[in-house]
Amino acid sequence: MKKPLAVVVLALMLGACAQAPSDSAPGHTTMTANRIAPVLDGISLSAYDWRLAEAVDRQGKSIEALRAGLELPLRLSFSDTSLNVSGGCNTQFGGYALESGTLRIEGLAATMKACAPKLMQLDAAISARLKGSLAAQVQGGADAPRLRLATAGGDVLTFAGVPTPETRYGGPGEIVFLEIAPDRVACNHPLMPDGWCLRVRERRYDAAGVLQPPATDWQPLYEPIEGYEHRDGAHAILRAKRFTDPHPPADRSSRVYILDLIVQR
């Protein structure tokens, strides 16, 4: 029996979190890049999310087509072999090489969503500039680095570095799927008097992407889920990364949840 298309797509999506892109994977550009954390001017690029902070042309004037990328903001993230661009309409991705202060990008593939014209124009504007050889430089220290990319045409894009969760908490974290009940519940905790918590239970998917029956009961979640905004009355299933904070604040648990993907809402 053929599996429904939705099940196949979900299986691929859920499996993606456990698979690193290979050089032969569709949409992955093969390039000569070191298979170690990319370092520029003493800063590991993969240790930060790089958020667009300024975009000017050769005359120093703001690039109007990238203005929306400052507001969102547009973000770059690096692995040892690949570059991702997110924050616009579509995610763009591809291989890169970093050599002697030059970031070389042969071309970016992209997902195929349709969005408002402003976001589609943003995608086109950043794609046109993130290609070929760009002069690359990191300014500032590890606490607040800024990545400066200059195109052959004279445009200069500056990105502010924000430590990734993996950098902040010293490890890759654990992928978990959380089912969120529609309504919050009152939860009593010594550090949260008269608090209201999400009700959650962990879920599992099999190799084909089929949701398995719940194995646990609903429990109050005392910790927030970074990046997730709950709408009262809305049921959801999330893919999240769970970290352990080695130095939690006095009013917080050592567990930290960060939203990775909304699987279902």
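Residues numbered from 1 in each chain as written. Predicted model: local features only at pLDDT ≥ 70, side-chain atom pairs only at ≥ 80, totals over all residues. Heavy atoms only, no water.

Engineer: Explanation requested: the environment of Gln-139 in the structure shown.
Structural biologist: Turning to its location among the elements, Gln-139 is positioned in strand E10 (residues 132-139). Exposure remark for Gln-139: the relative accessible area of 34% places this residue in the partly exposed category. Expressed as a C-alpha distance, the spacing of Gln-139 and Thr-158, which sit 19 residues apart in the sequence, is 9.7 Å. Each residue touching Gln-139, except ones within four places of it in the same chain, is listed here: Ala-144, Pro-145, Arg-146 and Arg-148. (Helix = DSSP H or I, 4+ residues; strand = E, 2+ residues; numbered from the N terminus. Buried < 20%, exposed > 50% of the residue type's maximum accessible area, 1.4 Å probe, protein only. Contact = heavy atoms within 4.5 Å.)

Engineer: What should I look at first to understand the side chain of His-230 in this one?
Structural biologist: Mapped onto the secondary structure, His-230 falls in the loop between strand E17 (225-226) and strand E18 (236-244). In terms of polar contacts, His-230 uses its side chain to reach the backbone carbonyl oxygen of Pro-182, at 2.9 Å. Among the polar contacts listed, one links the side chain of His-230 to the side chain of Tyr-228, at a separation of 2.8 Å. (Polar contact = N/O pair within 3.5 Å; in protein donor to acceptor, adjacent residues only side chain to side chain.)

Engineer: Which parts of the structure should I look at to understand unusual backbone geometry?
Structural biologist: Excluding glycine, most residues fall at negative phi; most peptide bonds, likewise, are trans. For the peptide bond that leads from Leu-72 to Pro-73, omega is -5°, which places it in the cis range. Relative to the elements of secondary structure, Pro-73 occurs in the loop between helix H2 (67-71) and strand E4 (75-78). Positive phi is not limited to glycine here, since Asp-41 has a value of about 50°. Backbone geometry at Ser-100 places phi at a positive 50°, although glycine is not the residue there. For Ser-100, the position within the fold is in the loop between strand E7 (97-99) and strand E8 (102-105).

Engineer: Is there a simple way to explain the pattern of salt bridges in this structure?
Structural biologist: A side chain with one charge can pair with a side chain of the opposite charge if their charged atoms come near. Counting across every chain of the model gives 14 salt bridges. The shortest N-O distance in the salt bridge between Glu-166 and Lys-241 comes to 2.9 Å. With Glu-166 in helix H4 (residues 165-169) and Lys-241 in strand E18, the pair connects residues that are 75 residues apart, well separated along the chain. The partner of Arg-242 in a salt bridge is Glu-202, with the nearest N and O atoms 2.9 Å apart. Linking Arg-242 in strand E18 with Glu-202 in strand E15 (residues 192-203), this pair joins segments that are 40 residues apart in sequence. Taking the relative accessible area as the measure of exposure, Arg-242 reaches 16% and is therefore buried. The class for Glu-202 is partly exposed, based on a relative accessible area of 25%. Through salt bridges that share partners, Glu-174, Glu-202, Arg-204 and Arg-242 make up one connected network. (Salt bridge = Lys/Arg side-chain N within 4 Å of Asp/Glu carboxyl O.)

Engineer: Quick question: what am I supposed to make of the packing of aromatic side chains here?
Structural biologist: Aromatic ring pairs are described here by two measures, namely the spacing of the ring centres and the angle between the planes. Under the defined criterion, the tally for this structure stands at 4 aromatic pairs. For the ring pair Tyr-48 and Trp-50, a centre distance of 5.3 Å and an interplane angle of 45° mean the geometry is tilted. Among the residues examined, Trp-50 registers a relative accessible area of 0% and is labelled buried. Ring geometry for Tyr-169 and Phe-243: centres 5.4 Å apart, planes at 35°, overall tilted. In this pair, Tyr-169 sits in helix H4 while Phe-243 sits in strand E18, placing the two residues 74 residues apart along the sequence. (Phe/Tyr/Trp six-rings, centres within 6.5 Å; stacked < 30°, edge-to-face > 60°.)

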